[in-house]
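These are the residues of each chain, in order.
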Amino acid sequence: MMMSEELERILVRLSEPDNTVIQQATAELKQAFKDPAIIPALCAVMTGSQNPQVRQSAAVMLRMRVRKHWKKISPDHRESLKAVVLQALQNETEHTVRHSLSQLCAVLVKHETPDRWPALLALLNQSTKSNNPQDRQVGLLLLSKVVGSNPEPFKPHYKQLLQLFGTVLQDLNNPTALYYCILTLTAITAYTGTEELNLMRSLIPKLLIALKCLIQADQDQASEAMEVFDELMESEVSIVVPHIAEIVRFCLEISADVSLSDSLRVKALSCIAVLIRLKSKAVLKHKLLQPILQVVFPILSAAPPPGEEDPEDEESDTDDDSENPKHIAIQVIDTMALHMPPEKLFTQLLPFTQACLSSENPYERKGGLLCMAVLAEGCADHIRTKMLSSMLQTVCRSLSDNNQVVRSAALFALGQFSEHLQPDVSKFHAELMPLLHGYLSAVNQTKVGHMTKAFYALENFLENLGPEIEPYLPTLMETMLSALNSAENLKLKELSVSAIGAIANAAKEMLVPYFPPIIESLKGFLTDTSEEMRTLQTQALDTLSVLARTVGKEVFSPLAAECVQLGLNLTDAVDDPDLRRCTYSLFSAVSEVSPECLAPHLTPITTVMLLSLRSTEGVTAHLDEDKQFVLLDDDDADEGEEGDVNLDEESETEVDDRDVAGFSVENAYIDEKEDACDALGEIAFNTGVAFQPFLESSFQQVYELHEFPHEDVRRAAFGAMGQFCRAQHKVWKENPTEANHQALHKLLEVVLPCFLEAVRQDRERQVVMAILESMNAVIKSCQGEALQAPGIVAEISNAIKDVLKKKTVCQDVGGDEADDDEQQAEYDAMLQEFAGEGIPVLASALPAETFYPHLNDLLPLIMSKAKPSCTEADRSFSIGTIGEVLHSLVSVAGGRAVAGRLSNRLLPVLVSGVRDSDAEVRNNSVFALGALAQAAGPIVASDYPMMLSLFSNLLSKESDLRVIDNLCAALCRMIMSHIEGVPLEQVFPALVACLPLKEDMEENKTVYSCLTFLYSQNPVLVVSHLKPIISAAAHLLGMKDVDNETQNTLLLLLRGLAQHHTKEFESAVLSLPDEQRNKMTMAVTQS
């Protein structure tokens, strides 16, 4: 007994406010812990002390003892502890102590399993069914702790538990019992199986009533209990689908009630967003779109409380991501845009948006603009093709609104449009650039917060402007450089540095004249290590990477080595995930421009990157208990005791994950992992042999991230795995040893199956798109080498088929909504396009006969999207894919026979495509017919007359320049493939009259190969049309968008003509304008 009185005195002193007293008590306690009798002594204090704080401390100490040193506790002490804790629970009156006792039970169950502790099950059974409401509360508290920490061992009892919940959820006078009941339900949801589904479903209506009741009693508890929906939706959405309408109405009721707490309303709105993401078809089918919009719009357009501003309008530049209902309401609209067919969404949404935009109230106008802004990503094609100019007019009007809140929202909308509605938005530069530049010229008078938004809009707009930026460059660069040199405000310098990166993306080599002053400034920022420079440095690194990729090798290479050194010095000097992330981008940019500068530093570079892939920093476990005692427990075993410390089944350092109230992941560390994957992949590919010593360890670390919880990291990991395969293939090609060959196959054997599994199983469309893109790139690079493994071609084809048939997890499969109509969200269509792109890639990598059976299965799925009822995007994709497949057949073994076999099936689709109302569909159809003629040649001779009359018809009325260019190329392919089938006397003059090509410069290769071919077959014909040919050729000489191969074909043709038909050639050259005449003479006389 002596020991427990002693202990009590120590524990009392531990909670005194005096540090010396606490230290003294801690030392005594450590001493006490060396005696095994500490266990019964703590038990005695836990049950016998009059002081609740001491009882609680004793329970916490026992819990830590059990958790870390179970092996050291003797069997009889274990048994008495199990009996004492249950007794204590029944006698205890204080809630905080009960809480700690329940947690002690939870840790005991971890070691003992429920079935080895029948007394616990008996107590749970008796208390949860007791007639006394207080007993029921305690029983459910205990249940929520022991099951919450060990959901799996309780699996045999789930049916019984769910039946109990059915009763408890109706106990509406006991909100605390409801709370613990819902927490337990949340804990087991992820582990329930099919046999529990029906019981779970039947609980949903009771759950909704119980939550309403809990909201009245305790909003904080209700907000935590709302997480049950997240669990249900994430682990087994089919439980909620039958009740989707009731759940949405319940969430709408909470969202609309402004008297409730923000956190509750945020939970309710998030729940609606998740349901739209997972089950958009069901939401539409139950006609829930209108009711959702009716609740969401007043929230997103509400004015803030008097005297306050919305967080994004406040001047202080805090990136405060604290979520408020307004913020989530906008996210709901964003989710709709990403997951619903645009036609269906816009019919119901536009009236709300228009009402907001025409309102007198500035916050309603702001709401309307934010709504337009977030539609841009998910409904890009719809907006680009049907509503762009009207939406841009609204934004331009709002940029000069008399209220700054509205102007800011308009800038945000313009930034979103610039990012997502390309290339169409750029065509409006003449209207938009003056407005944007107007903002910048006021750079020193305007509040920085507002300036940030102006720069955001400007950057996104410039980034995609391309050569059109030329007239604006001098003024823009003058503004930016003067801000770099003079602005007092670091934030403004940072914005200007970032804008220079965007300008470089558009201007490319045109930026070279400004390069020296830019570099001087950036170097200055990068050598200063003071804390306040941090974000500016991060931005400077980012811009430096862009410059490396854009200004051209000649200009950047001399600086490459110095840049690598700058990056390495920064990662040594500063511990900041954002800064490291940007050095990775810089290293990968340098690897593209001058890999040889990177090679000597690969050891330190890969070391830092692999550390960041391994690091668990930024993933924080939230511990849900006052951890003041950790200091004594952590090192109490270090003083030479033989402990089962690290031999224990869980190592000392591990946080016991069930004490953890959740994990939060910091974005900076996530971004760092993502960028490290991207950079490693690119560096491996660009540095080739030099990277070999690091390939295996890099691959290992990246591979481990393919199931990482955050989708951006998974996306990057899959991308890097593909790059590693391509890198190894390149190394083998350059150095074809057996070891290199085996290394390649070892990689492919891991990577391709991993890709295929994830295409079917990953939940995020963005990740699956990235995998398909990565897989296509691997097959493109490695060709047949990638397809050696038995059965792999069939597996890849089946994965493509699954995506085209919408059978993968990320395509919202299951449920009773039949896909009766063609309409789908644009991102769902885009996912199918990524899959479709794999078909021509496979067709070019295999002998035609090998691929034919698979192609035969896939073609109907592609052709079904060419129907007139499909969207323009679908028709264009369908015919584009067919064209690419035929183009692939041109160059593979057995391609001609297979193309001939397919012609009867494909011709009707392609012919109707030539008559389509959409220019892109016509363009793709013309290309596909040319490719068919080229691939099948004489086999389709009997179709030549029909094709020629179709083309002649089209030429007489076509106005789209790209279609006309492709028509020329198609005629050329017909001529080269089967010259006998083309009446050259009529066709050739019409063909020559369309030259030079205006838009599709790549087809010059086809045209000049054909002219060369004809000159060899029928020189008289070519010479008789020499003037137009020479005039067209003069346009092409030395042009930037024409590749070397084409330039050489052209030069050989011209020199041949000059040599063999000198008179006609000279007379044709004389009719050229001066400058072109000189260029032509130079070209022909140079050897």
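Residues numbered from 1 in each chain as written. Predicted model: local features only at pLDDT ≥ 70, side-chain atom pairs only at ≥ 80, totals over all residues. Heavy atoms only, no water.

When its secondary structure is counted, the chain shows 54 helices and two strands. With the principal axes as the frame, the chain shows a C-alpha extent of 125 × 75 × 60 Å. Sorting the 1087 residues of the chain into buried and exposed places 55% on the buried side. Taking the intrachain contacts of the chain between residues at least 6 apart in sequence as the baseline, contacts between residues at least 24 apart amount to 75%. For the chain, the exposed surface amounts to about 45,700 Å²; the carbon and sulfur share of it is 52%. When the 89 basic and 152 acidic side-chain charges of the chain are each reduced to a single mean position, those positions are 5 Å apart. (Helix = DSSP H or I, 4+ residues; strand = E, 2+ residues; numbered from the N terminus. Buried < 20%, exposed > 50% of the residue type's maximum accessible area, 1.4 Å probe, protein only. Contact = heavy atoms within 4.5 Å. Areas by Shrake-Rupley, 256 points an atom, 1.4 Å probe, with all protein chains shown as cover. Lys, Arg positive; Asp, Glu negative; His and termini not counted. Charge placed at Lys NZ, Arg CZ, Asp CG, Glu CD.)

We now examine empty space enclosed by the protein. If you walk through the whole model with that rule in mind, you get four cavities of 30 Å³ or more. One number sums up the size of the second largest cavity: a volume of about 50 Å³. The wall of the second largest cavity is formed by I519, L522, K523, L526, L544, L559, E562, C563 and L566. For the lining of the second largest cavity, the secondary structure elements donating two or more residues are helix 27 (515–527) and helix 29 (553–573). (1 Å grid on protein atoms, 1.4 Å probe; cavity = no way out; pocket = protein on both sides within 12 Å on 5 of 7 lines; lining within 4 Å. Points joined across faces, edges and corners; volume = space filled by probe spheres on them.)

Further remarks concern the pattern of salt bridges. The tally for this structure, following the rule as stated, stands at 42 salt bridges. In this structure, D857 and K801 form a salt bridge, with 3.5 Å as the shortest nitrogen-oxygen distance. Of this pair, D857 sits in helix 42 (residues 848–863) while K801 is found in helix 39 (residues 792–804), placing the two residues 56 residues apart along the sequence. For K801, a relative accessible area of 18% puts it in the buried group. Among the ionic contacts, a cluster of salt bridges with common partners joins D310, E312, D313, K326 and K366. (Salt bridge = Lys/Arg side-chain N within 4 Å of Asp/Glu carboxyl O.)

So, on to the environment of V54. With respect to the helices and strands, the residue V54 is situated in helix 4 (residues 52–69). Linking V54 and D542, residues 488 residues apart in sequence, is a C-alpha distance of 56 Å. Not counting the four nearest positions on each side in its chain, V54 is found in contact with E8, L11, V12, V45 and S49.

Note on backbone geometry: most residues besides glycine have negative phi, and most peptide bonds are trans. For the bond from Q422 to P423, the omega torsion is -5°, close enough to zero to count as cis. Looking at the secondary structure, you find P423 in the loop between helix 22 (404–420) and helix 23 (429–441). In this chain, L995 is followed by P996 through a cis amide linkage whose omega measures -5°. Position of P996 among the secondary structure elements: in the loop between helix 48 (984–993) and helix 49 (1004–1017).

This paragraph deals with helix 32 (residues 602–614). Here helix 32 spans 18 Å end to end across 13 residues, near enough to the 18 Å set by a 1.5 Å rise per residue. Of the residues making up helix 32, those classed as buried are L602, I605, T606, M609, L610, S612 and L613. All buried residues of helix 32 lie within an arc of 160° about the axis, which places them on one face of the element. Each element contacted by the buried residues of helix 32 is listed here: helix 29, helix 30 (577–593), helix 31 (595–598), helix 34 (667–687) and helix 35 (692–703). (Expected span 1.5 Å × (residues − 1). Arc of directions from axis to C-beta.)

Let us look at the packing of helix 39 against helix 41 (residues 838–845). Following both chains from N to C, one finds helix 39 and helix 41 inclined at 160°, their axes separated by 11 Å at the closest point. As summarised for this structure, helix 39 and helix 41 are arranged roughly antiparallel, according to the angle between their axes. Along this stretch, helix 39 crosses helix 41, giving a crossing that reads as left-handed. Here helix 39 contributes I796, S797, I800 and L804 to the contact with helix 41, which in turn contributes G838, I839 and L842. Its residues assigned to classes, the contact of helix 39 with helix 41 shows five nonpolar, two polar and no charged. (Axes fitted to C-alpha atoms, helices over the stretch in contact; angles between N-to-C directions. Parallel < 35°, antiparallel > 145°, perpendicular 65-115°, else oblique. Left-handed = near helix turned anticlockwise from the far one by under 90°. Nonpolar A, V, L, I, M, F, W, Y, C, P; charged D, E, K, R; others polar.)

Our focus in this paragraph is the state of the cysteines. Put plainly, two cysteines are in a disulfide when a covalent bond ties their sulfur atoms together. For the coordinates displayed, the defined rule picks out zero disulfides. Left unpaired, C43 is separated from the closest cysteine sulfur, that of C105, by 11 Å. The structure places no disulfide on C810, whose sulfur is separated from the nearest cysteine sulfur, that of C754, by 15 Å. What makes C810 buried here is its relative accessible area of 9%. (Disulfide = S-S within 2.5 Å.)

Here we take up the side chain of H339. Along the chain, H339 turns up in helix 17 (residues 325–339). Assessed through its relative accessible area of 14%, H339 is described here as buried. Within the structure, the side chain of H339 is placed 3.5 Å from the backbone oxygen of R277, a separation counted as a polar contact. Look past the residues within four positions of H339 in its chain and what remains in contact with it is I276, R277, S280, R765 and A825. (Polar contact = N/O pair within 3.5 Å; in protein donor to acceptor, adjacent residues only side chain to side chain.)

In this section: the packing of aromatic side chains. All chains considered together, the criterion is met by 10 aromatic pairs. Ring centres 5.1 Å apart and planes at 55° place the aromatic pair Y179 and Y180 in the tilted group. Among the aromatic side chains, those forming a connected cluster through ring pairs are F691, F694, F699, Y703 and F724. Over the face of the ring belonging to F685 we find R726, whose NZ or CZ atom lies 4.3 Å from the ring centre. (Phe/Tyr/Trp six-rings, centres within 6.5 Å; stacked < 30°, edge-to-face > 60°. Lys NZ or Arg CZ within 6 Å of the ring centre and 35° of its normal.)

Take E323: it is sitting in the loop between helix 16 (289–300) and helix 17. A residue is classified by how much of its surface remains accessible, and E323, at 45% relative accessible area, is partly exposed. Once the C-alpha coordinates of E323 and P311 are considered, the two residues, 12 residues apart in sequence, prove to be 9.9 Å apart. For E323, the residues in contact, after removing those within four places along its chain, are V266, I328 and Q331.

Bringing the confidence of the model for the chain into the picture now. On average, the chain scores 89 in pLDDT, and the residues at 70 or more come to 93%. Residue range residues 621–663 is modelled with pLDDT below 50. Its contacts to residues more than four positions away, or to other chains, number 87 contacts. (pLDDT = per-residue confidence, 0-100.)

With that settled, the discussion passes to the packing of helix 51 (residues 1026–1036) against helix 53 (residues 1062–1070). With their axes 9 Å apart at the nearest point, helix 51 and helix 53 run at an angle of 60° to one another. Here helix 53 runs oblique to helix 51, going by the angle between their axes. When the axes of helix 51 and helix 53 are compared, the crossing they make is right-handed. Of the residues in helix 53, those touching helix 51 at L1026, K1027 and I1030 are E1064, F1065, S1067, A1068 and V1069.

A few words on the nonpolar core. Counting residues in hydrophobic clusters, the biggest one holds 381 residues, and the most contacted among them are F229, I292, I333 and M1080. Broken down by element, the residue count for this core peaks at 13 residues, all from helix 15 (residues 262–285). Apart from the residues within four sequence positions on either side, M1080 is in contact with I1030, A1033, A1034, L1037, L1054, F1065, V1069 and L1072. (Core = buried A, V, L, I, M, F, W, Y, C linked by side-chain atoms within 4.5 Å.)

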